[in-house]
Amino acid sequence: MRIGEVIRATEWWEYKLLPILGVFYATLAYRDASIAAAWMTGIELLVGITAGAVYVSVINDLTDRDEDRRAGKPNRTEGRSGLVIGLLVAVPVLVGIAMAWRWRGDPLLLAAYGAAWCAFSAYSLPPLRLKTRGLFGVMADASGAHLFPALVAALLAFRAGGAPPDLLWLALVAAWAGAFGVRGILWHQLSDEEADRIGNVRTFVQRHGGRWARAIGARLMFPVECAALFALLWLLDDRIPLVALVLYAFLVIFKLERFEMHAAIVQPRPRHLILLNEYYEVFLPASLLVASALVRPMDWIVLALHCVLFPGRLSQVISDAWKLPRRVYQ
């Protein structure tokens, strides 16, 4: 048995953790604090958020087994012994409790971390099982996967930098992460629309239709997400993340033209490119680390470790960028 397959690590290790790390790096930059000096806090963040990600991956598959059978979808908990499933739930819960105990002296941080776990549980577990309750499920998933973890990252960065939380910064982080999270879960529900229909999973898309999901994602959440992102970048007052955004935009334009891909905000499409995802996962965290390292040389070590821990998305972006000149001259 491969534990990584059961906990679906490939689905969240980089895709979910990198935007959260970006918030951590950005908040340290906002307080003009060294990222290298906060390395222990960064490890705490990764451990705490990873524990929650493992927990939600297992309980989501565990509570989806009946629906997945009806829809003919594979489920990673099928055929696993009760002991294995119990351990896969108990270990991350114990880790989460340990992190909560470590942060017990910071009520705001503890509340954000606890709220993420409550959102995870309410989304999947009966009797609430908000996944099947339309808009409540959308909000629970977005809160557990993005909103509260991003706030945890920001609060930990303020703590590591020796500064009190900045309410404006936290509000913008919450707006950005919440909107991004809603867009993400609507994308997921639209992708699973047919399987959820067969499995009779009453998600928001099943209850209200894809038209409403696309409208909320593209016309409401995406503008809020972009506005909050630009406000955060403006508060940072650093050109390098903005230059990275311009480079990302050029990469997107070339990929759409040369690779014949299709830009997407919330609606899945053939050969899609989800707008801003690569910026959050590669360009933003890398540019923040480079900007910090130019002032504090020790942060080059953090950049190197970051690339080692999260090589997948970075290597994909480098590969795409390397192919572009050849496509241009073909």
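Anything mentioned here points back to the structure above.
Remember, it's a predicted structure, so these values are computed and weren't measured experimentally.

1. Side note on the overall build of the chain
Then, in step 1: A tally of regular secondary structure across the chain gives 16 helices and two strands.
Then, in step 2: Radius of gyration (C-alpha) of the chain: 20 Å, near the 20 Å computed for a compact globule of 330 residues.
Then, in step 3: For the chain, the spread of C-alpha atoms along the three principal axes comes to 55 × 55 × 40 Å.
Then, in step 4: Burial statistics for the chain: of 330 residues in total, 52% are counted as buried.
Then, in step 5: For the chain, the exposed area adds up to about 15900 Å²; of that, 66% sits on carbon and sulfur atoms.
Then, in step 6: The positive charge centre, built from 33 side chains, and the negative charge centre, built from 27, are 3 Å apart in the chain.

2. Observations concerning the environment of Ala-249
Then, in step 1: Residue position: Ala-249 is located in helix α13 (residues 239–258).
Then, in step 2: When the C-alpha positions of Ala-249 and Leu-275 are compared, they lie 9.4 Å apart, and in sequence the two are 26 residues distant.

3. With respect to empty space enclosed by the protein
Then, in step 1: Enumeration over the complete set of coordinates arrives at two cavities of 30 Å³ or more.
Then, in step 2: Computed from the structure, the largest cavity encloses a volume of approximately 130 Å³.
Then, in step 3: When its residues are assigned to classes, the lining of the largest cavity shows 12 nonpolar, one polar and no charged.
Then, in step 4: If you add up the space inside the second largest cavity, you get close to 60 Å³.
Then, in step 5: Looking at the second largest cavity, the residues that line it are Leu-18, Glu-281, Val-282, Ala-286, Leu-303, His-306, Cys-307, Phe-310, Arg-313 and Leu-314.
Then, in step 6: Elements with a minimum of two residues in the lining of the second largest cavity: α14 (277–295), α15 (299–309) and α16 (311–329).
Then, in step 7: A class-by-class count of the residues in the lining of the second largest cavity yields seven nonpolar, one polar and two charged.

4. Structural notes on the environment of Ala-179
Then, in step 1: Tracing the sequence through the fold places Ala-179 in helix α9 (residues 167–191).
Then, in step 2: For Ala-179, the contacting residues outside a window of four places in its chain are Met-221, Val-224 and Glu-225.

5. A short note on the packing of helix α3 (residues 17–30) against helix α8 (residues 135–160)
Think of two packed helices as two axes; the pair is described by the angle between the axes and how far apart they sit.
Then, in step 1: Interhelical geometry of α3 versus α8 gives an angle of 30° and a closest axis separation of 8 Å. For the crossing formed where α3 meets α8, the hand is right-handed. Contact with α3, carried on its side by Ile-20, Val-23, Phe-24, Thr-27, Leu-28 and Tyr-30, involves Ala-145, Pro-149, Ala-150, Ala-153, Ala-154, Leu-156, Ala-157, Phe-158 and Ala-160 of α8 and no other residues of that element.
Then, in step 2: Grouping the constituent residues of the contact of α3 with α8 by class yields 14 nonpolar, one polar and no charged.

6. Notes on the side chain of His-306
Then, in step 1: One can find His-306 in helix α15.
Then, in step 2: For His-306, a relative accessible area of 8% corresponds to the buried category.
Then, in step 3: With sequence-adjacent residues up to four places away left out, His-306 is seen in contact with Leu-18, Leu-21, Tyr-25, Pro-285 and Leu-289.

Criteria and thresholds
Residues numbered from 1 in each chain as written. Predicted model: local features only at pLDDT ≥ 70, side-chain atom pairs only at ≥ 80, totals over all residues. Heavy atoms only, no water. Helix = DSSP H or I, 4+ residues; strand = E, 2+ residues; numbered from the N terminus. Rg over C-alpha atoms; globule rule 2.2 N^0.38 Å. Buried < 20%, exposed > 50% of the residue type's maximum accessible area, 1.4 Å probe, protein only. Areas by Shrake-Rupley, 256 points an atom, 1.4 Å probe, with all protein chains shown as cover. Lys, Arg positive; Asp, Glu negative; His and termini not counted. Charge placed at Lys NZ, Arg CZ, Asp CG, Glu CD. 1 Å grid on protein atoms, 1.4 Å probe; cavity = no way out; pocket = protein on both sides within 12 Å on 5 of 7 lines; lining within 4 Å. Points joined across faces, edges and corners; volume = space filled by probe spheres on them. Nonpolar A, V, L, I, M, F, W, Y, C, P; charged D, E, K, R; others polar. Contact = heavy atoms within 4.5 Å. Axes fitted to C-alpha atoms, helices over the stretch in contact; angles between N-to-C directions. Left-handed = near helix turned anticlockwise from the far one by under 90°.

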